[in-house]
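# Structural overview for review
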Amino acid sequence: MIFMEFGVAIFPTHNAIRPDDIARLAEERGHESLFFPEHTHMPADHSPHPSGQPLPYRYSHTFDLFVAVTAAVTATSRLRVGTGVCLVIQRDPIITAKETASADYLSGGRFEFGVGAGWNREEMANHGTDPRRRMAVLRERVEAIKAIWTTDEASYAGEFVKFDRIWSWPKPAQRPHPPVIIGGDGPTVLDRVLAFGDAWMPNFGPSDIIERASQLRARADRRISLQVMGIPADPRELEAYAAAGFDRVVHWLPSAGRGPVERAFDAYESAIAEFTGG
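What counts as what
- Residues numbered from 1 in each chain as written.
- Predicted model: local features only at pLDDT ≥ 70, side-chain atom pairs only at ≥ 80, totals over all residues.
- Heavy atoms only, no water.
- Phe/Tyr/Trp six-rings, centres within 6.5 Å; stacked < 30°, edge-to-face > 60°.
- Helix = DSSP H or I, 4+ residues; strand = E, 2+ residues; numbered from the N terminus.
- Buried < 20%, exposed > 50% of the residue type's maximum accessible area, 1.4 Å probe, protein only.
- Lys NZ or Arg CZ within 6 Å of the ring centre and 35° of its normal.
- Polar contact = N/O pair within 3.5 Å; in protein donor to acceptor, adjacent residues only side chain to side chain.
- Contact = heavy atoms within 4.5 Å.
- Lys, Arg positive; Asp, Glu negative; His and termini not counted.
- Salt bridge = Lys/Arg side-chain N within 4 Å of Asp/Glu carboxyl O.
- Pairing = 2+ DSSP bridges.
- Axes fitted to C-alpha atoms, helices over the stretch in contact; angles between N-to-C directions.

## Thoughts on the packing of aromatic side chains
For the structure on display, the rule yields 9 aromatic pairs. Summarising the aromatic geometry, the rings of Phe-113 and Trp-149 are spaced 5.6 Å apart at their centres and angled 65° between planes, so their arrangement reads as edge-to-face. With Phe-113 in strand S4 (residues 111-116) and Trp-149 in helix H5 (residues 134-150), this residue pair connects regions lying 36 residues apart in the sequence. A single burial state applies to Phe-113 and to Trp-149, both of which are buried. Between Tyr-241 and Phe-246, the aromatic rings sit 4.8 Å apart at their centres with planes inclined by 80°, giving edge-to-face as the arrangement. The exposure classification of Tyr-241 matches that of Phe-246, with both residues buried. Three or more aromatic residues link up through ring pairs in this structure, and these residues are Phe-11, Tyr-59, Trp-119 and Trp-252. Geometry around Phe-11 places Arg-58 over its ring, the cationic atom sitting 5.0 Å from the centre. Between the NZ or CZ atom of Lys-171 and the centre of the ring of Trp-169, over which it lies, the distance is 4.9 Å.

## Let's talk about unusual backbone geometry
Of the consecutive residues Trp-169 and Pro-170, the connecting peptide bond is found in the cis state with omega at 5°. The linkage connecting Arg-175 with the following residue, Pro-176, adopts the cis geometry, with an omega of 5°. Examined against the element boundaries, Pro-176 turns out to sit in the loop between strand S6 (162-166) and strand S7 (180-183). Residue Arg-165 is not a glycine yet carries a positive backbone phi of 55°. On the secondary structure map, Arg-165 appears in strand S6.

## Structural notes on the side chain of His-49
Within the secondary structure layout, His-49 lies in the loop between strand S2 (33-36) and helix H2 (65-74). With a relative accessible area of 12%, His-49 lands in the buried category. Here Tyr-59 takes part through its side chain, which lies 2.9 Å from a polar atom of the side chain of His-49. In contact with His-49, other than residues within four places in its own chain, are Leu-55, Pro-56, Tyr-59 and Trp-119.

## A closer look at the side chain of Arg-141
Take Arg-141: it is sitting in helix H5. For the buried residue Arg-141, which engages in no salt bridge, the nearest side chain bearing the opposite charge is Asp-92, 7.3 Å off. Here Val-88 takes part through its backbone oxygen, which lies 3.3 Å from a polar atom of the side chain of Arg-141. In this structure Arg-141 touches Val-88, Ile-89, Gln-90, Arg-91, Pro-93, Thr-129 and Val-161, once residues within four positions along its chain are discounted.

## Section: the environment of Pro-93
Along the chain, Pro-93 falls in helix H3 (residues 93-106). Note: C-alpha distance between Pro-93 and Val-161 (68 residues apart in sequence) is 8.1 Å. Ignoring any residue separated from it by four or fewer positions in sequence, one finds Pro-93 in contact with Arg-141, Ala-144, Ile-145, Ile-148 and Val-161.

## Thoughts on the sheet that holds strand S1 (residues 5-9)
Read around the barrel, 8 strands follow the order S1-S2-S3-S4-S7-S8-S9-S10 and close on themselves; strand pairing throughout is parallel. Neighbour to neighbour, the strand axes of the sheet diverge by 25° on average, direction disregarded. Inspection of the sheet shows S4 paired to S7 by 3 bridges, in the parallel sense. Each residue of the ladder has a partner; that of Gly-114, found in S7, is Ile-181. Against the sheet, helix H9 (residues 258-276) engages S1 and strand S10 (248-252), with an angle of about 165° to S1.

If you want it as structure tokens, here you go:
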């Protein structure tokens, strides 16, 4: 029997449906998860958007990631709420460990920690991160966050992250810790998933995602969850990813008012119903 969870994602902007309202709506409509992306700012002179198109308005108008996550978890009781993705390379790992553990604790263990290095080199540089070293920074900061989550007296000694014997509570509600979902579909992403991830969540689009998912499972010595971000409202794509063993698909909703968002939900749910035969 094919089993796959259905989630949604949205850029939570100040002129769109509120994070708490979209969370209630997703839960009421039976969706399993809700993800928010992160951009602290957008440099006026920035790297080209991955789509090749002009930078969408929503990228520079999002709420703070963890303010949005907190609003969503406090407005719901079952919905899993995650970061899709948290740009850890732009964040202090001790503060991020505190924020993520707090979100998981307050939600009763419903937090999903999606992480990535991002694409905007100028944005990274404004936070003091050398874009050429971002993957090494990502690994160390995630490892340091895990140490703080799981150890009463945590230490970490790396090239980019160093601290000795710190105390930080609360610890996450989930054991051993919230799922760490590695975003991205670059050439070395599978190495990162195997090194410090519990799941892989590439962006929908590249034609080799399903083949690479098979390679990942063949290389893994433990269970790795397969998830995809940006699935279209198309039952054929849902069928293809379910057949490939993906555990979760996530559909982008528009950063808009309630009416357009509900219409987007309707289209996605129609595709789900056709796929499931419901």
